[in-house]
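Understanding the architecture of this molecule
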Amino acid sequence: MKCTVLIVDDEKNIRGGLAKSLELDGYRVVTAADGEEGWKTVNRDDIDLVIADLKMPRMSGEELLKRISSAYPTIPVIILTGHGTIESAVGAMRDGAFDFVTKPVNLERLSLLVKRALSNRELHMQHKALKEEIEQLKAKHRFEKIVGKSPKMKRVMDVVEQVADTKASVLITGESGVGKELIADAVHHLSSRADRPYIKVHCAALAESLLESELFGHEKGAFTGAAGRKRGRFELADKGTIFLDEIGEINAQVQIKILRVLQERTFERVGGEETVSVDVRIISATNKDLKKEIEQGRFREDLFYRLNVVNVDIPPLRERKEDIPLLSAAFLKEFNGENGKSIQGISQKAGALLYNYAWPGNIRELRNCIESAVVLSRTDVIEVEDLPMTIRSGSDDENVMIPLGVTMAEAQKQVIEATLNFYKGNKTRTAEALEIGRKTLHRKIQEYSLD
Ligand SMILES: Nc1ncnc2c1ncn2[C@@H]1O[C@H](COP(=O)(O)OP(=O)(O)OP(=O)(O)O)[C@@H](O)[C@H]1O
Ligand SMILES: [Mg+2]
């Protein structure tokens, strides 16, 4: 199959000349007259390599290069520069260009470069680069399992590093599947309590009646079935860390007891009188909006402030898309190992789908997706066919296609419907996102019979 080269230059003669030469080399060539047109072509066509001029109207070569190397890290980009602009060439290399060629273009050198870029190319090279990047990040942050290079994730990791070795209570917030538990683990493992007990309690998984005795223990005969004294999780965590997952789910009685542990470091076992003292660091997590729980009288405000001395809020994956290629590569490696496979990489088209999908289930969903793709794949590359239907269908959760010619009302209806779907029917968040009042939203929902 012929490889396709995209030439982006605002000078028609250069486009034509390079195209002719590369066609003689046996490539399919497409051209674009500026960065913006080039970017559209990259998104639409199956491009294997890009040659781009730096100075162009509308969108510069620098900007185009940045977009390509973040959204399509497997496409090599060769930069064309004028004489005496070596700095910008160096900048381009730093931004991920494969190489650069100065004008007037030496066609022989360009031809060699293209050949080299394509032969040792994309998947193998990029996959290796990503793997190296993962190794570096791991070493640097000492967070063995946490992958991420986006500024938002770096900020999270910085906070974690700063607070880990203090006794401050940490409240971790974020949507389901963003990695709250992973961050909680990191806080403990980076603290000087690392070789002391680390006790995890999944508050939502325990029946309400059991949670109190599970956390604080009970004395013999405290309730039917309490055959002997039992130590609770807080006692087991003494000198170490306790992780209270889904803290938004605990009842008022347990909230008071936890508050007292935070204030006085003491409690009594269920059915007991003896006061027990503990030295425990508390990390908690929730995907609920605790402020709203407080407003509605379901969560104690004083407890909230004690738990939330440091807040680590993990942004959803759709707000840090730069992490998607890295995470995909990390999971690919993991599941290759687990399934005895040696898949080399992810095809450009499949990678683009992964990048553009909105990931409502965040990293957990991405991880599951790569796992099933690894299991299903019959070749050494993950192709579009190996991805789940939801991702393949292209009905991108983040975009609404509104054809020209529809009425304003119809357009409004589609936007509201898509936003509602995106927030899983949550009207408060939908109204916020659309910057309209809840009442207005309700009225529109009725008007357009969206319910
Ligand atoms: N930055 C990351 N790097 C690598 N793996 C990650 C990262 N973040 C999350 N994961 C993985 O994604 C999955 C979900 O993470 P985790 O269980 O910590 O999410 P959570 O926020 O606690 O979700 P929930 O609210 O549903 O309990 C886990 O398998 C975890 O290992
Ligand atoms: Mg969790």
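Residues numbered from 1 in each chain as written. Chains lettered and ligands numbered in written order. Predicted model: local features only at pLDDT ≥ 70, side-chain atom pairs only at ≥ 80, totals over all residues. Heavy atoms only, no water.

What to know about the overall build of the protein
For clarity, the cut-off: Helix and strand labels come from DSSP, where a helix needs a run of H or I of at least four residues and a strand needs a run of E of at least two; each type is numbered from the N terminus. Only protein chains enter the accessibility calculation, which uses a 1.4 Å probe. A residue is then buried if its area is under 20% of the maximum for its type, exposed if over 50%, and partly exposed in between. Any two residues whose heavy atoms approach within 4.5 Å are treated as being in contact. The Shrake-Rupley method, run with a 1.4 Å probe sphere, supplies the accessible areas, and residue values consider only the shown protein chains as cover. Only four residue types enter the tally: Lys and Arg on the positive side, Asp and Glu on the negative side; His and the chain ends are excluded. Lysine's charge is taken at NZ, arginine's at CZ, aspartate's at CG and glutamate's at CD.
When you go through the protein residue by residue, the secondary structure sums to 20 helices and 14 strands. Its C-alpha atoms put the protein at 90 × 55 × 45 Å along the principal axes. Taking all 451 residues of the protein together, the buried fraction comes to 48%. In the protein, of all internal contacts separated by at least 6 residues, the share reaching a separation of at least 24 is 68%. Here the protein has roughly 23000 Å² of accessible surface; of this, 50% comes from carbon and sulfur atoms. Within the protein, one finds 67 positive and 70 negative side-chain charges whose respective centroids are separated by 1 Å.

Focus on the pairing of strand 11 (residues 281–286)
Where we set the bar: Pairing between two strands requires that DSSP report at least two bridges joining them.
Buried residues dominate strand 11, accounting for six of its six residues. Side-chain alternation along strand 11 places Arg281, Ile283 and Ala285 on one buried face and Ile282, Ser284 and Thr286 on a second face that is also buried. Of the pairings in the sheet, the one linking strand 6 (residues 170–173) to strand 11 comprises four bridges and is parallel in character. Note that in strand 11 the partner of isoleucine 172 across the bridge is alanine 285. Examined bridge by bridge, strand 8 (residues 241–245) and strand 11 share five bridges and lie parallel to one another. Opposite threonine 241, over in strand 11, you have arginine 281 as the bridge partner.

Brief notes about the sheet that holds strand 11
Filter applied, for reference: Axes here refer to lines fitted to C-alpha atoms; in helices the fit is confined to the stretch in contact. Angles between the N-to-C directions go from 0 to 180 degrees.
One open sheet accounts for five strands, arranged 7-8-11-6-12; its pairing is parallel. A strand with exactly one partner marks an edge of an open sheet, and here the two such strands are strand 7 (198–202) and strand 12 (310–313). This sheet shows a mean twist of 15° between the axes of neighbouring strands, independent of strand direction. Its contacts with the sheet put helix 8 (residues 180–189) on strand 6, strand 7, strand 8, strand 11 and strand 12, and the angle it makes with strand 11 is roughly 170°.

Quick word on the pairing of strand 2 (residues 28–32)
The following threshold applies: Here is how to tell: hold the view so the strands point away, follow the path from the first strand over the helix to the second, and if it runs clockwise the crossover is right-handed.
Judged from the five bridges that link them, strand 1 (residues 4–8) and strand 2 form a sheet pairing that is parallel. By the bridge assignment, threonine 4 is partnered in strand 2 with arginine 28. As a crossover connection, the stretch from strand 1 through helix 1 (residues 12–24) into strand 2 is right-handed.

Focus: the packing of aromatic side chains
Defined as follows: Two rings from Phe, Tyr or Trp (for Trp, the six-membered ring) form a pair when their centres are within 6.5 Å of each other. A pair whose planes differ by under 30 degrees is stacked, one over 60 is edge-to-face, and the rest are tilted.
This structure, assessed with the given rule, holds seven aromatic pairs. For the ring pair tyrosine 357 and tryptophan 359, a centre distance of 4.6 Å and an interplane angle of 90° mean the geometry is edge-to-face. Across this residue pair, the class does not change: tyrosine 357 and tryptophan 359 are buried. One aromatic cluster is present, formed by Phe216, Phe234 and Phe267 through successive ring pairs.

Observations concerning the site of ligand 1
Applicable threshold: We call a residue near a given molecule or strand whenever any one of its heavy atoms falls within 4 Å of it. Note that Gly is not counted as nonpolar here; it falls among the polar residues with everything else outside the nonpolar set of Ala, Val, Leu, Ile, Met, Phe, Trp, Tyr, Cys and Pro and the charged set of Asp, Glu, Lys and Arg. Start and end points for every domain follow an automatic or database-based domain assignment.
The full set close to ligand 1 counts 17 residues, and Val147, Ser176, Gly177, Lys180 and Arg364 are the nearest of them. With the chains in place, 86% of the 630 Å² that ligand 1 exposes on its own is no longer accessible. Contributing elements (two or more residues each) for the shell around ligand 1: helix 8, helix 14 (323–339) and helix 16 (362–376). Residues belonging to the shell around ligand 1 are distributed by class as follows: seven nonpolar, four polar and six charged. Composition of the shell around ligand 1 by domain shows at least three residues from each of domain 2 (122–147 + 321–399) and domain 3 (151–313).

Looking at the pattern of salt bridges
Short version of the rule: Each reported salt bridge corresponds to a side-chain nitrogen of Lys or Arg within 4 Å of a carboxyl oxygen of Asp or Glu.
Inspection of every chain in the model, using the stated rule, returns 33 salt bridges. Salt-bridge contacts for lysine 103 lead to aspartate 9; the nearest nitrogen and oxygen are separated by 3.2 Å. Here aspartate 9 lies in the loop between strand 1 and helix 1 and lysine 103 lies in the loop between strand 5 (99–102) and helix 5 (107–119), a separation of 94 residues in the sequence. Neither lysine 103 nor aspartate 9 differs from the other in exposure class; each is buried. Between arginine 229 and glutamate 219 there is a salt bridge, with its nearest N and O atoms 3.2 Å apart. With arginine 229 in the loop between helix 9 (208–216) and helix 10 (233–236) and glutamate 219 in the loop between helix 9 and helix 10, this pair connects stretches of sequence that are ten residues apart.

A closer look at helix 20 (residues 438–447)
So the rule is basically this: The directions from the helix axis to the C-beta atoms form the arc being described.
For helix 20, the complete set of buried residues consists of Leu441, Lys444 and Ile445. In a view along the axis of helix 20, the buried residues occupy a sector of 105°, so they form one face of it. Exposed positions of helix 20 whose direction lies more than 90 degrees from the buried face are Lys439 and Gln446. Against the buried residues of helix 20 lie helix 18 (408–422) and helix 19 (427–434).

So, the domain arrangement of the protein
Interface size is commonly expressed as the accessible surface area that is lost when the partners come together. What the domain assignment reports for the protein is domain 1 (4–120), domain 2 (122–147 + 321–399), domain 3 (151–313) and domain 4 (408–447). For domain 1 and domain 3, the distance between their C-alpha centres works out to 54 Å.

So, the environment of lysine 149
Mapping lysine 149 onto the fold places it in the loop between helix 6 (122–141) and helix 7 (151–164). By relative accessible area, lysine 149 is classed as partly exposed at 33%. The spatial distance from the C-alpha of lysine 149 to the C-alpha of phenylalanine 100 is 26 Å, given a sequence separation of 49 residues.

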